[in-house]
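Observations on the model geometry
For reference, the chains in residue letters:
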Amino acid sequence: MDKLRIRGGNQLKGEVLISGAKNAALPELCAALLTSERVTLRNVPRLQDVSTMLKLIRNMGVQVEQGEEGVVVLCAAEPLTAEAPYELVKTMRASVLALGPLLSRFGHAKVSLPGGCAIGSRPVDQHLKGLALMGAEIAVEHGYMLASLRSGLSRLQGARITTDMVTVTGTENFMMAAALAQGETILENAAQEPEISDLADMLIAMGAQIEGQGSSRIRIHGVEALHGCTHQVVADRIEAGTFLCAVAATGGDVVLRHGRADHLDAVIEKLQAAGATVMAVDGGIRVQSSGRLKAQNFRTTEYPGFPTDMQAQFMALNSISHGASKVTETIFENRFMHVNELVRLGAQIQIEGKVSLVEGVAKLSGATVMATDLRASASLVIAGLVAEGETTVDRIYHLDRGYDQMETKLRALGADIERTR
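None of the values given here were measured: they were computed from a predicted structure. (Residues numbered from 1 in each chain as written. Predicted model: local features only at pLDDT ≥ 70, side-chain atom pairs only at ≥ 80, totals over all residues. Heavy atoms only, no water.)

1. Digging into the nonpolar core
Proteins that are soluble and globular tend to have nonpolar side chains buried together. Note the following rule: Within this scheme, the nonpolar core is defined by two criteria: the residues are buried Ala, Val, Leu, Ile, Met, Phe, Trp, Tyr or Cys, and they are joined through side-chain atoms within 4.5 Å. The rule is simple: take the accessible area with a 1.4 Å probe, protein chains only, and divide by the maximum for that residue type; under 20% is buried, over 50% is exposed, in between is partly exposed. Two residues form a contact once any of their heavy atoms are found within 4.5 Å.
Residues Leu74, Met134, Met175 and Leu203 are the most contacted members of the largest nonpolar core, which totals 76 residues. When near neighbours in sequence (up to four residues on either side) are disregarded, Met134 contacts Leu156, Gln157, Ala159, Ile161, Ala177, Ala178, Ala181 and Thr185.

This is the structure:
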């Protein structure tokens, strides 16, 4: 099993290319199921979750061609098998994104209940309720979601869907399903993440009629058919935010090519308050930092608030900053599993329910730590970059699910980091 060995203390300097967003690429691969024509995606990141999704849609009968530099060409011409089996999706919760497109195009689907990171309950009940409002009959049997159209329907029907909570994958599923539904669908309490807008841009390029993406109310008017398109996956704001925190923690001067400052307002605001210099530059973001920063309180919430996917990385920064801070997690109930591992490196952190109290220390000390989920992995890498001595991060298969060659990019910036077994 792969590990990362890190010798801390080096500043990061230079340029790093931010890859395409995992959380945009995965639904966009599923969106190719909505047409029999060729779909070309550019800037697709090389990640384990992407490989798993490509295996899944290949298993359905989709033709997949992978070129150089992140180009993937897909053709979901019939016949296809509208099924996502457990053995292919057990490690990836994004498999639920196949449900809406399959049901909308073929009128039926069999999709395994998904797996993924152990960071708390991420139920699919909102997906099922919304699709039921559009005319689907869905039963959960033997670990599978079995979906079909209600008797007498030939297509899904437009509906007004108001979710009980903001759900990113739910919004994406409904948007894809509604693109081919009969009539108009209105999504209330919709997720507003940049990945939602990016998927909408792709669907519009395929002929969908969508407006309001990026707001809490999205309107989709269904069309008879969609066609192929070429689309570039938006840059990964969480990868960019992770590198921002890494430079802020270690010191240095780095330009993040393709990074979008306008997608990271909440994170950049906290970094600037901490004492780092972060600015939008032509084609990316520049971050500069020196010396210990000031610890910052923050609370995770839905976009455009502080992202839960950046909580662990910023906590690692807080752990070596001046002063005390309070980190409140409101999205996932188990997303403090990295705390015990940071403590092994010398961090002073106490958990009180949904709040972590962090007392900044002058230095961390290298140790062997274990990654528990995707973003926890990134926080341990950041901590290892500033710790004295050698840090080994075990179980980095979590990291590979969401970061495209992270150690290679860090090494190019001057980090002493290598992958071992």
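2. Points about the confidence of the model for the protein
Put simply, the test is: You can read pLDDT as the predictor saying how much it trusts each residue, on a scale of 0 to 100.
When pLDDT is averaged across the protein, the result is 95; 98% of the residues are at 70 or more. In the model, residues 116-121 has pLDDT below 50 throughout and makes 20 contacts with residues more than four positions away in sequence or in other chains.

3. Brief notes about unusual backbone geometry
Note on backbone geometry: most residues besides glycine have negative phi, and most peptide bonds are trans. We count it as follows: Here a helix means four or more residues in a row that DSSP labels H or I, a strand means two or more in a row labelled E, and each is numbered from the N terminus.
Here Glu78 and Pro79 are connected by a cis peptide whose omega angle stands at 5 degrees. Relative to the assigned elements, Pro79 resides in the loop between β5 (72-75) and β6 (83-84). Cis peptide bonds are those with omega within 30 degrees of zero, and the linkage from Tyr303 to Pro304 qualifies with 15 degrees. Mapped onto the secondary structure, Pro304 falls in the loop between β18 (298-299) and α10 (311-318). Of note, Asn189 is a non-glycine position whose phi angle comes to about 60 degrees, a positive value. Tracing the sequence through the fold places Asn189 in the loop between β11 (184-188) and α7 (194-205). A residue is classified by how much of its surface remains accessible, and Asn189, at 29% relative accessible area, is partly exposed. At Arg395, a position not held by glycine, the phi torsion is positive, near 60 degrees. Inspection of the secondary structure assignment puts Arg395 in the loop between β23 (390-394) and α13 (397-400).

4. Details of the packing of aromatic side chains
Counted only if it meets this: Between the rings of Phe, Tyr and Trp (Trp by its six-membered ring), a pair exists once the centres lie within 6.5 Å; its type follows the angle of the planes, with under 30 degrees stacked, over 60 edge-to-face, and the other angles tilted.
Enumeration over the complete set of coordinates arrives at 3 aromatic pairs. A centroid spacing of 5.3 Å and a plane angle of 70 degrees characterise the contact between Phe298 and Phe314, whose relative ring orientation is edge-to-face. With a gap of 16 residues between them, Phe298 in strand β18 and Phe314 in helix α10 connect regions that are remote in the sequence. You can call Phe298 buried: its relative accessible area is 5%. Residue classification places Phe314 among the buried positions, given a relative accessible area of 0%. Judged by centre distance (5.7 Å) and plane angle (80 degrees), the ring pair of Phe306 and Phe314 falls under edge-to-face. Taken together through their ring pairs, the aromatic side chains of Phe298, Phe306 and Phe314 make up a single cluster.

5. Digging into the state of the cysteines
Worth spelling out the cut-off: Note on disulfides: each one is a pair of cysteine sulfur atoms within 2.5 Å.
Taken as a whole and assessed by the stated rule, the structure comprises 0 disulfides. Of all cysteine sulfurs, the one in Cys229 lies closest to Cys30, which takes part in no disulfide; the gap is 14 Å. In this structure Cys75 is a free cysteine whose sulfur lies 13 Å from that of Cys229, the closest cysteine sulfur available. Classification of Cys75 as buried rests on a relative accessible area of 12%.

6. Comments concerning the environment of Asn23
Along the chain, the position of Asn23 falls in helix α1 (residues 22-31). With 172 residues separating them in the primary sequence, Asn23 and Glu195 have C-alpha atoms 6.4 Å apart. Ignoring sequence-local partners within four residues, the contact set of Asn23 consists of Glu172, Glu195 and Asp309.

7. What to know about the environment of Ser379
Along the chain, the position of Ser379 falls in helix α12 (residues 374-386). Overall, Ser379 belongs to the buried group, its relative accessible area being 0%. For Ser379 and Ala274, which are 105 residues apart along the polypeptide, the C-alpha to C-alpha distance reads 17 Å. Leaving out residues up to four positions away in the same chain, Ser379 has contacts with Ala312, Gln313, Ala316, His338 and Leu342.

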